[in-house]
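# Observations on chain architecture
Each chain, written out:
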Amino acid sequence: QVQLVESGGGLVQPGGSLRLSCAASGSICSINVMAWYRQAPEKQRELVATITGGGSTSYADSVKGRFTIPIDNAKYTVYLSMKSLKPGETAVYYCNAVLQGPDSLASPYWGQGPPVTATS
């Protein structure tokens, strides 16, 4: 049984910084890719950033230069470091991971989604 446990959400003032973490646990052999999505009220879920097990990253245009997605492969943990947060980025932030198990099959998993609120 694989679980993704997220932490770090909360309230931040516009222009502030916040770091989210997502730790995977269970029968994991390797990370294919881990990612962060967000869903604002009454909007569709959108992809924010991704990182492969090899360290290749990609970002949504709206967050480039402000967000980073470091990974600790040894701990199966991915982070989302956010700077200069905007009020419009208030959303539930979901961690997603495609992980390879001992059966060599890759499966997707989702975290519970900590809310991030950027407001004064």
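One can find the structure itself at the top, above this paragraph.
Parameters at a glance
- Residues numbered from 1 in each chain as written.
- Predicted model: local features only at pLDDT ≥ 70, side-chain atom pairs only at ≥ 80, totals over all residues.
- Heavy atoms only, no water.
- Salt bridge = Lys/Arg side-chain N within 4 Å of Asp/Glu carboxyl O.
- Buried < 20%, exposed > 50% of the residue type's maximum accessible area, 1.4 Å probe, protein only.
- Helix = DSSP H or I, 4+ residues; strand = E, 2+ residues; numbered from the N terminus.
- Pairing = 2+ DSSP bridges.
- Polar contact = N/O pair within 3.5 Å; in protein donor to acceptor, adjacent residues only side chain to side chain.
- Contact = heavy atoms within 4.5 Å.

### Re the pattern of salt bridges
Overall, the coordinates contain 4 salt bridges when judged by the stated rule. Between Arg38 and Glu46 there is a salt bridge whose closest N-O contact spans 2.6 Å. For Arg38, a relative accessible area of 7% puts it in the buried group. A salt bridge links Arg38 to Glu89; its shortest N-O distance comes to 3.3 Å. In this pair, Arg38 is assigned in strand E4 (residues 30-39) and Glu89 in the loop between strand E9 (77-82) and strand E10 (91-100), connecting sequence segments 51 residues apart. Like Arg38, the residue Glu89 is buried in the burial classification. A single network of salt bridges, built from pairs that share partners, joins Arg38, Glu46, Arg66 and Glu89.

### Quick look at the pairing of E10
Among the 10 residues in E10, 7 count as buried, and that is most of the element. As paired elements, E4 and E10 share 9 bridges and run antiparallel to each other. Paired with Ile31 across the strands is Leu99, a residue of E10. Judged from the 2 bridges that link them, E10 and strand E12 (residues 115-118) form a sheet pairing that is antiparallel. The partner of Ala91 across the bridge, within E12, is Val116. Across 5 bridges, E10 lies against strand E11 (residues 106-110) in antiparallel orientation. Residue pairing in the sheet places Val98 in a bridge with Pro108 of E11.

### Quick notes on the side chain of Glu89
The class for Glu89 is buried, based on a relative accessible area of 5%. Polar contacts involving the side chain of Glu89 include one to the side chain of Arg66, which spans 2.5 Å. Ignoring any residue separated from it by four or fewer positions in sequence, one finds Glu89 in contact with Arg38, Ser62, Val63, Arg66, Phe67, Ser84 and Val116.

### Quick look at the environment of Ser62
Tracing the sequence through the fold places Ser62 in the loop between strand E6 (57-59) and strand E7 (67-68). The class of Ser62 is partly exposed, set by a relative accessible area of 39%. For Ser62 and Glu89, which are 27 residues apart along the polypeptide, the C-alpha to C-alpha distance reads 9.9 Å.

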